Amino acid sequence: VLVVVAVAVSGVWIPKYEAQMKILALRQRSDEMVTPSANAPAQFSNDQVSEEDLNSEVELLNSDDLLRKVVLETGLDRQSGFSTGGDSAVSVAKAVRKLGKDLKIEPLRKTNVISVTYQARDPKLAEEVLKALAAAYTEKHLEVHRPLGEFKFFDQ
């Protein structure tokens, strides 16, 4: 009876808040090839996003280094009882694993959209986690899909 009451109280009295975000995946245009000839053939690229592209973006969102950035930025390693005294690496690893389980990341069928949801007891925390995830994902996406040194070249 005590277990049933505890489960009922934890589910009813302590609400969970769910934050959602959606990511639109677009195929990046390929830059036109510049040639010295005047009659260079035009190159057309396929703008359709394949299922493999969407799955790659989902795996990028689930990557440990991305989740580690989110954990460190939002302080999830200090919350939820992960603090293990002096060993912060262990608490960060536990928080990363828990965040990976709590995040629901899935591509929506027959669309170019990836849905991301996260539940937390605190609505601010749920919002902060998804904001940090979006920022880290944008940075990682640009790092993966841009040629190395492109920004530095144009900056100079």
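Above this note sits the structure.
Residues numbered from 1 in each chain as written. Predicted model: local features only at pLDDT ≥ 70, side-chain atom pairs only at ≥ 80, totals over all residues. Heavy atoms only, no water.

Moving on, we come to helix H5 (residues 123–145). For an α-helix, 3.6 residues make a turn, and residues three or four places apart therefore share a direction. Taking 1.5 Å per residue, 23 residues should reach 33 Å; H5 reaches 33 Å between its end C-alpha atoms and fits that length. Within the sequence span of H5, burial applies to Leu125, Ala126, Val129, Leu130, Ala132, Leu133, Ala136, Tyr137, Lys140 and His141. Contacts from the buried residues of H5 go to strand E1 (17–24), helix H2 (51–61), helix H3 (64–74), helix H4 (88–102) and strand E3 (113–120). (Helix = DSSP H or I, 4+ residues; strand = E, 2+ residues; numbered from the N terminus. Expected span 1.5 Å × (residues − 1). Buried < 20%, exposed > 50% of the residue type's maximum accessible area, 1.4 Å probe, protein only. Contact = heavy atoms within 4.5 Å.)

Turning our eyes to something else, we now look at the environment of Leu108. With respect to the helices and strands, the residue Leu108 is situated in the loop between strand E2 (104–107) and E3. For Leu108, a relative accessible area of 31% corresponds to the partly exposed category. Between the C-alpha atom of Leu108 and that of Lys22, which follows or precedes it by 86 residues, the distance is 9.6 Å. Those residues in contact with Leu108 that sit more than four places away from it in its chain are Val113 and Ser115.

Our next topic: the nonpolar core. If you look at the biggest cluster of nonpolar residues, it comprises 32 residues, and the most contacted ones within it are Leu61, Leu99, Leu103, Val116, Tyr118 and Leu133. In terms of residue count, the dominant contributor to this core is H5 (eight residues). Leaving out residues up to four positions away in the same chain, Leu61 has contacts with Ile23, Leu66, Leu67, Ile105, Ile114, Val116, Leu133 and Tyr137. (Core = buried A, V, L, I, M, F, W, Y, C linked by side-chain atoms within 4.5 Å.)

In this structure the tally under the stated criterion is six salt bridges. For Lys98, the salt bridge is made with Asp102, and the minimal N-O distance between the two is 2.6 Å. One end of the pair is Lys98 and the other is Asp102, both in helix H4 and four residues apart, which spans about a single turn. Note on Asp102: relative accessible area 23%, which makes it partly exposed. What you see here is one network of salt bridges that share partners, running through Asp65, Lys140 and Glu143. (Salt bridge = Lys/Arg side-chain N within 4 Å of Asp/Glu carboxyl O.)

Turning our attention to the sheet that holds E1. Two orientations exist for strands paired in a sheet by backbone hydrogen bonds: parallel and antiparallel. In spatial order, the strands read E1-E3-E2; together these three strands make up an open sheet with antiparallel pairing. Edge positions in the sheet fall to E1 and E2, since each of these pairs with one other strand and no more. The mean angle between the axes of side-by-side strands here comes to 15°, regardless of whether they run parallel or antiparallel. Relative to E3, E1 runs antiparallel, the two sharing eight bridges. By the bridge assignment, Ala19 is partnered in E3 with Tyr118. Along the sheet, H2 contacts E1, E2 and E3; its crossing angle with E3, the most-contacted strand, is approximately 25°. (Pairing = 2+ DSSP bridges. Axes fitted to C-alpha atoms, helices over the stretch in contact; angles between N-to-C directions.)

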